[in-house]
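In case you want the letters, here they are:
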Amino acid sequence: MSTFASRSNLCRPSSELPAPIFATHSRTPHPGLQALDETDAPPATAHDFSRVPVHASASAQRIPDDQIRRQVGPGGVGGLGGPPQPFSGYFFCNPPLYDASQISAAVSTAKSWVGTVIPILEMFRMGRLTGTRETAVRIALRENFNVTDPFPRFSLTARPLDTLVNNFNLIETALNQPMQFYCTTACMPGDLAWVLSNPATFGLPPGIINICPGFFGCDPLKQASTIIHERAHEALGANDVAYEVSGSYDSLPTMMSLNNADSYAVFARQVFHNGIHRPGMSCDVLSSRIPDFHLSEPRLEMPRRRPPSLMPPE
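Just so we're clear, the structure is a prediction, and the values are computed from it rather than from any experiment.

Novice: Would you mind showing me how to read the overall build of the protein chain here?
Specialist: Scanning the protein chain for helices and strands turns up 7 helices and 6 strands. For the protein chain, the N- to C-terminal ordering of α and β elements is α-β-β-β-α-α-α-β-β-β-α-α-α. Counting over 314 residues, the protein chain shows a buried share of 49%. Contacts in the protein chain between residues at least 24 apart in sequence constitute 75% of all its contacts with a sequence separation of at least 6. If you sum the accessible surface of the protein chain, you get close to 15700 Å²; carbon and sulfur atoms cover 55% of it.

And the structure:
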């Protein structure tokens, strides 16, 4: 991982923010981004998949540059005191190489997944889930967080299940805060998106997600997973310990999984879809490397008789 490990604080409440500005084009990049480009610092990767850029035909709405350009003066944005203020927007995401509508759809899907997973986890924690839904949660806990006993009788630390509920609430808060999306080719091979750990150093507000061309060649399921992955970086300070396509993903200890951004993204996707779309999905391979389980009633089979042995007993 590069020095730009994906960590940041949560954004300010929306009540403190100006009216959102949705933009898709600007000829003058943010001064902080210019400073970043001059350092030639490598971005923090978010996913390790091959890029498959596509050309979007949808037209993007443009607004005047003076409505989206932000000036950084002494003490913050526009010469005002305090840190840079976050706001929503899309920048440099105009066709044909990029498509802001795909980003917007991925954000909406990510919000839906996380917003559904939280009450499911709450009900599971209270023992109110039954049937296939309960089984799907148990399998997702085991495959993504290596939790084999969600309800330990004795524990010296917080139960992983309690930590999960708290962390998904933080991710949901981050998803509902203003976000800025910068479409860029400043990506490592295979990257889909990346974030900075210290945006204030470059005069940038929190909540910026840099989208790579490979993002637009992915299945919508993978795009939504990427958005949750990136918000886990900022909301939790989670790291890139292992990606879902990695062979080490399944064997991560629970404490390391709780610090792994991809674990939250895959868990949300898997639980929302009641057990399918399990770990191992990539842009090139849309199916999981782990076959989806199919719940059915157990069948009792009579044990097979062993054929008589021709060898004398020892």
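Novice: Mind showing me how you'd approach the pattern of salt bridges here?
Specialist: Think of it this way: side chains of opposite charge can pair up when their charged atoms draw near. Across all of its chains, the model carries 8 salt bridges by this definition. Residues Arg-125 and Asp-162 are paired through a salt bridge, measuring 2.9 Å at the closest nitrogen-oxygen approach. Separated by 37 residues along the polypeptide, Arg-125 in helix 2 (residues 100-125) and Asp-162 in helix 4 (residues 160-175) bring together distant segments of the chain. Between Arg-269 and Glu-244 there is a salt bridge, with its nearest N and O atoms 2.7 Å apart. Highlighted residues: Arg-269 in helix 7 (residues 261-272) and Glu-244 in the loop between helix 5 (220-236) and helix 6 (254-257), separated in sequence by 25 residues. As far as burial versus exposure is concerned, Arg-269 and Glu-244 are alike and both buried. Because the salt bridges share partners, they merge into one network encompassing Glu-122, Arg-125, Arg-159 and Asp-162.

Novice: What is the right way to look at the nonpolar core in this model?
Specialist: Counting residues in each nonpolar core, the largest one holds 50 residues, and the members touching the most others are Ile-103, Leu-121, Phe-168, Phe-181, Ile-211 and Phe-267. Within the residue set of this core, elements represented by two or more residues are helix 2, helix 3 (131-145), helix 4, strand 4 (180-183), strand 6 (208-211), helix 5 and helix 7. Broken down by element, this core gets its largest block of residues, 12 residues, from helix 2. The residues touching Phe-267, leaving out its near neighbours within four places in the chain, are Val-117, Leu-121, Val-137, Ala-140, Leu-141, Asn-144, Phe-145 and Phe-168.

Novice: Explain the pairing of strand 4 here, please?
Specialist: If a strand is regular, its side chains alternate between the two faces of the sheet. Alternating positions in strand 4 separate into two faces, Gln-180 and Tyr-182 on one and Phe-181 and Cys-183 on the other, with burial throughout. Sheet analysis places strand 3 (residues 89-91) next to strand 4, joined by 3 bridges and oriented parallel. By the bridge assignment, Tyr-90 is partnered in strand 4 with Phe-181. Bridging between strand 4 and strand 6 involves 4 bridges; their strand directions are parallel.

Novice: I'm lost on the state of the cysteines in this one. Help?
Specialist: Formally, a disulfide is one covalent bond, and it connects the sulfur atom of one cysteine to the sulfur atom of another. Counted under the stated rule, the structure contains 3 disulfides. Note that Cys-93 is cross-linked by a disulfide to Cys-183, the S-S spacing being 2.1 Å. Taking the torsion about the S-S bond as the criterion, the Cys-93 to Cys-183 disulfide, at about 100 degrees, is right-handed. Residue Cys-93 is found in the loop between strand 3 and helix 2, and its partner Cys-183 is found in strand 4; the two are separated by 90 residues along the sequence.

Novice: So what exactly am I meant to see when it comes to the packing of helix 2 against helix 7 here?
Specialist: Packed helix pairs are characterised by how far apart their axes lie and by the angle those axes make with each other. Remark: helix 2 packs on helix 7, axes separated minimally by 9 Å, with the N-to-C direction vectors making an angle of 75 degrees. Taken together, the axes of helix 2 and helix 7 lie roughly perpendicular to each other. Each of Ser-112, Trp-113, Thr-116, Val-117, Ile-120 and Leu-121 in helix 2 lies in contact with helix 7, whose residues at this interface are Phe-267, Ala-268, Arg-269, Val-271 and Phe-272. Across the contact of helix 2 with helix 7, the residue classes break down as 8 nonpolar, 2 polar and 1 charged.

Novice: Would you take a moment to explain the sheet that holds strand 3 for this structure?
Specialist: Sheet strands line up and pair through hydrogen bonds in the backbone, either parallel or antiparallel. An order of 3-4-6-5 is seen for the 4 strands of this open sheet, with the pairing classed as mixed. Strands with a single pairing partner mark the edges of an open sheet, and in this sheet they are strand 3 and strand 5 (193-194).

Novice: Got a minute to help me understand the environment of Val-114 in this structure?
Specialist: Mapped onto the elements of the fold, Val-114 is located in helix 2. Since its relative accessible area comes to 0%, Val-114 is described here as buried. When the C-alpha positions of Val-114 and Ala-265 are compared, they lie 8.9 Å apart, and in sequence the two are 151 residues distant. Residue contacts for Val-114: discarding those within four places in its chain leaves Phe-168, Ile-171, Glu-172, Leu-175 and Ile-228.

Novice: What should I look at first to understand helix 4 in this one?
Specialist: Taking 1.5 Å of rise per residue, 16 residues should cover 22 Å, and helix 4 covers 22 Å from first to last C-alpha, within 8% of that figure. Regarding helix 4, the residues found buried are Pro-160, Leu-161, Leu-164, Val-165, Asn-167, Phe-168, Ile-171, Ala-174 and Leu-175. Close packing links the buried residues of helix 4 with helix 2, helix 3, helix 5, helix 6 and helix 7.

Novice: Please clarify how unusual backbone geometry should be interpreted in this entry.
Specialist: What you tend to see is this: most non-glycine residues have negative phi, and most peptide bonds are trans. Residues Pro-95 and Pro-96 are joined by a peptide bond in cis, for which omega reads 10 degrees. In this fold, Pro-96 is placed in the loop between strand 3 and helix 2. One non-glycine residue with positive phi stands out, namely Asn-146, at about 55 degrees. In this structure, Asn-146 sits in the loop between helix 3 and helix 4.

The rules we used
- All residue numbers refer to positions counted from 1 along the written sequence of the respective chain.
- Residues qualify for local features only when their pLDDT is at least 70, as the model is predicted, and side-chain atom pairs are given and counted only at 80 or more; totals for whole chains, interfaces and linings, by contrast, use all residues.
- Heavy atoms throughout the structure, all of them, feed into the side-chain values; hydrogens and water do not.
- Secondary structure follows DSSP: runs of H or I at least 4 residues long count as helices, runs of E at least 2 residues long count as strands, and numbering of each begins at the N terminus.
- Summary of the burial criterion: residues with accessible area below 20% of their type's maximum are buried, those above 50% are exposed, and those between are partly exposed, where the area comes from a 1.4 Å probe applied to protein chains only.
- Any pair of residues with heavy atoms lying within 4.5 Å of one another is described as a contacting pair.
- Areas reported here follow the Shrake-Rupley algorithm with a probe of radius 1.4 Å; residue values treat only the protein chains shown as occluding.
- Whenever a carboxyl oxygen of Asp or Glu lies within 4 Å of a side-chain nitrogen of Lys or Arg, that contact is scored as a salt bridge.
- Nonpolar core, defined: a set of buried Ala, Val, Leu, Ile, Met, Phe, Trp, Tyr and Cys residues in which side-chain atoms within 4.5 Å join the residues together.
- Between any two strands, pairing holds if DSSP finds at least two bridges.
- Criterion for a disulfide: a pair of cysteine sulfur atoms within 2.5 Å.
- Here an angle of 0 to 180 degrees is reported between the N-to-C directions of two axes, which are lines fitted to C-alpha atoms, with helices fitted over the stretch in contact.
- Note on terminology: angles under 35 degrees are roughly parallel, angles over 145 are roughly antiparallel, angles of 65 to 115 are roughly perpendicular, and the others are oblique.
- Gly counts as polar in this scheme, as do all residues outside two lists: the nonpolar Ala, Val, Leu, Ile, Met, Phe, Trp, Tyr, Cys and Pro, and the charged Asp, Glu, Lys and Arg.
- Each helix should span, by expectation, one fewer than its residue count multiplied by 1.5 Å.

Without other data, these values stay purely geometric and don't point to any function.
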